[in-house]
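One-letter residues, chain by chain:
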Number of protein chains: 2
Amino acid sequence: MDERVRDHAEVIVDHSTGIEADDNVLLEIPPAAQDLAEAIAELVGARGATLYTAYGNNPHRNDPITRNYLQGAETDEVETPEHQRELYKTTDVVIFVRGERNVTEWQSVSPSVHAAYQQAFEPLMGELLDGRSCATQYPTASFAQLAEMSTDAYEDFVWDAINKDWDAQREHQAQLVELLDGASEIRIQSGDTTDIRASIDGMPAANDYGERNLPGGEVYTAPVVDSIEGQVLFDIPIYHEGREIENAHLTFEDGEVIAHDADRGTDVLAEILETDPGARRVGELGFGMNRDIDRFTHNILFDEKMGDTIHLALGHAYEWTVGENRKQNESAVHVDLIVDMSENARIEIDGELVQQNGYYVFEDGFEL
Amino acid sequence: MDERVRDHAEVIVDHSTGIEADDNVLLEIPPAAQDLAEAIAELVGARGATLYTAYGNNPHRNDPITRNYLQGAETDEVETPEHQRELYKTTDVVIFVRGERNVTEWQSVSPSVHAAYQQAFEPLMGELLDGRSCATQYPTASFAQLAEMSTDAYEDFVWDAINKDWDAQREHQAQLVELLDGASEIRIQSGDTTDIRASIDGMPAANDYGERNLPGGEVYTAPVVDSIEGQVLFDIPIYHEGREIENAHLTFEDGEVIAHDADRGTDVLAEILETDPGARRVGELGFGMNRDIDRFTHNILFDEKMGDTIHLALGHAYEWTVGENRKQNESAVHVDLIVDMSENARIEIDGELVQQNGYYVFEDGFEL
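Note on numbering: residues in each chain are counted from 1, in written sequence order. Naming scheme: in the order in which they are written, chains are lettered from A and ligands are numbered from 1. pLDDT decides what is reported in this predicted model: residues at 70 or higher carry local features, side-chain atom pairs at 80 or more are listed and counted, and totals for whole chains, interfaces and linings draw on all residues regardless.

> How should the relation of the copies chain B and chain A be read in this particular structure?
The relation between the two chain copies is a rotation about an axis coupled with a shift along that axis. Of the two same-sequence chains, chain B is brought onto chain A (RMSD 0.1 Å, axial shift 0.0 Å) by a rotation of 180°. Taken together, the turn and the small shift mark the pair as related by a two-fold rotation axis. Relative to the rotation axis, the closest C-alpha in chain B is found at Ala54(B), a distance of 1.8 Å. Throughout, a residue-residue contact means that the two C-beta atoms, derived from backbone geometry, are no farther apart than 7 Å. Interface residue correspondence from chain B to chain A reaches 100%, placing this contact among same-surface, isologous pairings. We superpose the copies by least squares over the C-alpha atoms of residues that have a pLDDT of at least 70 in both of them.

> How do you make sense of the nonpolar core when you look at a structure like this?
Inside soluble globular proteins, nonpolar side chains tend to come together where they are buried. Linking buried Ala, Val, Leu, Ile, Met, Phe, Trp, Tyr and Cys residues through C-beta atoms within 7 Å yields a set, and such a set is a nonpolar core. To sort residues by exposure, count the other C-beta atoms lying within 10 Å of each residue's C-beta; 20 or more gives buried, 12 or fewer gives exposed, and values between give partly exposed, all with C-beta atoms placed from the backbone. With 106 residues, the main nonpolar core has Ile40(A) and Ile40(B) as its most contacted residues. With near-sequence residues (within four places) excluded, Ile40(B) lies in contact with Ala9(B), Ile12(B), Val13(B), Leu27(B) and Ile95(B).

> Sorry if this is basic, but what is going on with the sheet that holds strand S9 (residues 218-221) of chain B here?
Backbone hydrogen bonds hold the strands of a sheet together, and the pairing may be parallel or antiparallel. All names here are of chain B. Read from one edge to the other, the open sheet built from five strands follows the order S7-S9-S15-S16-S17, with strand pairing classed as antiparallel. Where the open sheet ends on each side, the last strands, each with one partner, are strand S7 (206-208) and strand S17 (334-340). Recorded for the sheet is a direction-independent mean angle of 25° between the axes of neighbouring strands. Looking at chain direction, strand S16 (residues 309-315) and S17 are connected through seven bridges and run antiparallel. Residue pairing in the sheet places His311 in a bridge with Ile338 of S17. Note on geometry: axes are C-alpha line fits, over the in-contact stretch for helices, and angles between N-to-C directions span 0 to 180 degrees. The way it works is that DSSP assigns letters per residue, a run of H or I at least four long becomes a helix, a run of E at least two long becomes a strand, and they are numbered from the N terminus. Docked against the sheet, helix H8 (residues 166-180) engages S7, S9 and strand S15 (282-288), running at close to 25° with respect to S9. When DSSP locates at least two bridges between a pair of strands, those strands are taken to pair.

> Whenever I open this one, the domain arrangement of chain A confuses me. Can you help?
Where the parts come together, the accessible area they lose is often given as the size of the interface. Residues and elements named next belong to chain A. Domain ranges listed in this record stem from an automatic or a database domain assignment. Along its sequence, chain A is organised into domain 1 (3-162) and domain 2 (166-360). Placing the centre of domain 1 and that of domain 2 at their C-alpha centroids yields a distance of 25 Å. At the interface, 17 residues of domain 1 touch 16 residues of domain 2. Secondary-structure elements contributing two or more residues to the side of domain 1 that touches domain 2 are helix H1 (3-16), strand S4 (132-137), helix H6 (141-146) and helix H7 (151-162). Among the elements that line the side of domain 1 that touches domain 2, the one with the most residues is S4, at five residues.

> Would you mind going over unusual backbone geometry with me for this structure?
Leave glycine aside and you will find that most residues have negative phi; peptide bonds, for their part, are mostly trans. All names here are of chain A. For the bond from Leu214 to Pro215, the omega torsion is 10°, close enough to zero to count as cis. Structurally, the position occupied by Pro215 is in the loop between strand S8 (213-214) and strand S9 (218-221). Notably, Glu148 is not glycine yet its phi reads approximately 55°, a positive angle. By the element assignment, Glu148 lies in the loop between H6 and H7. The phi dihedral of Asn357 falls on the positive side, at around 50°, and the residue is not glycine.

> I'm lost on the interface of chain B and chain A in this one. Help?
Between chain B and chain A, the residue contacts involve 39 residues of the former and 39 residues of the latter. Looking at the side of chain B that touches chain A, the elements with two or more residues in it are strand S1 (24-28), helix H2 (34-46), strand S2 (50-54), helix H3 (64-72) and helix H4 (82-89) of chain B. The element that contributes the greatest number of residues to the side of chain B that touches chain A is H2(B), accounting for eight residues. Basically, the charged four are Asp, Glu, Lys and Arg, the nonpolar ten are Ala, Val, Leu, Ile, Met, Phe, Trp, Tyr, Cys and Pro, and anything else, Gly included, counts as polar. Broken down by class, the residue content of the side of chain B that touches chain A amounts to 19 nonpolar, 13 polar and seven charged.

> In this structure, what is going on with the sheet that holds strand S19 (residues 352-356) of chain B? I would like to understand it.
Residues and elements named next belong to chain B. The sheet built from eight strands is open, its strands ordered S14-S13-S10-S6-S5-S18-S19-S20 with antiparallel pairing. Each of the sheet's edge strands pairs with one partner strand only, and the pair in question is strand S14 (256-261) and strand S20 (359-360). The pairing of strand S6 (residues 194-199) with strand S10 (residues 229-234) spans three bridges and is classified as antiparallel. Along S10, the bridge assignment pairs Arg197 with Glu229. In the packing of helix H9 (residues 266-273) onto the sheet, the strands contacted are strand S13 (248-253) and S14, and the crossing angle to S14 comes to about 165°.

So this is what it looks like as structure tokens:
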């Protein structure tokens, strides 16, 4: 077995989820990741925990078994899987591994059945968010193709981003958390196309060092909900449910999107914005800090942590990034959009320059 | 997809388990059976049931993921998987598909850890026996190899035995059930080596037509526990937990094994007999009636239903084959041993000839 697979398993079991004796562990993993499944299983056994292993059926799985299930079902027939809900309820740690063999596997699923499945699955999301979990990636040929990379180069990319010293990463990122916590205003500029100001007054910053998401590597908070002003060009393309959005351009007033455009996928962007009132506001402001992620790969699990980037998410804000007397933006969506900060870019916090051309004030590459 | 795979899925979903709207269905299936998983999923969706799909972790799975789990664990660390237990408890229908890629995958697992896992798993067996379930086989290269057959010939063999008219089979077998129900004594002879008499007075006969076992195809009852007299040569070899027993020879007195021998695996046979007092007595007397199973394949799911055979199981008797005022033989084991009845063989019920050289009195091939 590839040593990097063993390392990946160790990061998941010991760092991300901290599996201990008597934990009930659920591993949801696709067949393509067989060696990672075996490596995880061995460690779970060694920690004295229990293990149940599943393919994973959920509205984002993109696997061929659930595809056929949905192809067989009628919209009004999709019920909440109560047995799966009970399984999640009594599970201490869930490990989700992505790595299906075809990332467009669900193109043949009817959108109305998919939507019905999402709705039926909704009660299970709460069970999952309550417990310990880790969502991670196995480097399949299909995801390499999505990234426009060879499979071996993609393996290096994925495992370099995942198998690293997460304690050092946590400490490194803590320096940005310190700059954000207690600050009032932030201004982000990139080229001629992005210049926004937002209040982060009273909003806690969170440090993501590879626990619920693996790879981790970002610091994030929520802007005060009605505070964003200005315009942003999201120059890193993203895939939203299999459809690309390229160069989305948003204009904000009083925290709300008042104008939108894109070079590609304007309709997708419009659909997102029309989901509900919260979808027109920003629920997350994130700073990518994983420098082993040095290129975008059409995979938000990686792209949003890329060094030299920031991202805004339209929609739902995480509870832990919203201050006690602040309003939490609520929405059915949470869509991350990314800005390249590597050139002609700067971030100011309370008037002080903290990032220039991708480098933070506490990093070696930072130059005035 | 192979039409036989679709047919197999239909038999499982509609005949064996009768899946209906709102049933919570759990499918435990190995990756080698991907196409069958997809075919089942489509039908489960079409019936309006829910679906969760797992690799299946249990003490008999023989899969590489549980193998590694057990290799990682220490004997005293194997706990009951409570989340899996809750899953089974809230599941209406469980479908178990066998078809691992290597039938000797667990040779590297320590017997003490395996035994600890069996013990930890024991509470889950009750949950499984309570509900609707179907155990079936996918024809992999590994099982073809075990059967000493080419993979394509083995596929024909498996699907011929499974994809058949089970209503007709049920009616055919009902004729033997009728002969057994209400009868007092049975005598079974084969060559010079097998001649036993047993009382079946007050013991109900069961008709297996492919519900909990697929393929089905047997009629079975339990002998009155202290009634078997005589000797039997089990001339069809069997595999018991990966070890072969060939030509087991047992002598019964007052229903108990008083002498045993075998050409191969005498130690395995002795271990079985020494498990507990119930292991020295017979819990099942079965009649193989699936004529599409025309050869033994080292797989008890098939072998025991082979036409022209009968089998006795040492150990546990099924509750539904034991009359109200009769003693149910109890044991931790239930080991089926098979006798070829195709030549120079006969079965008498209450002195009347009902089978000769494999053919029952109600079958075309029966000749006096």
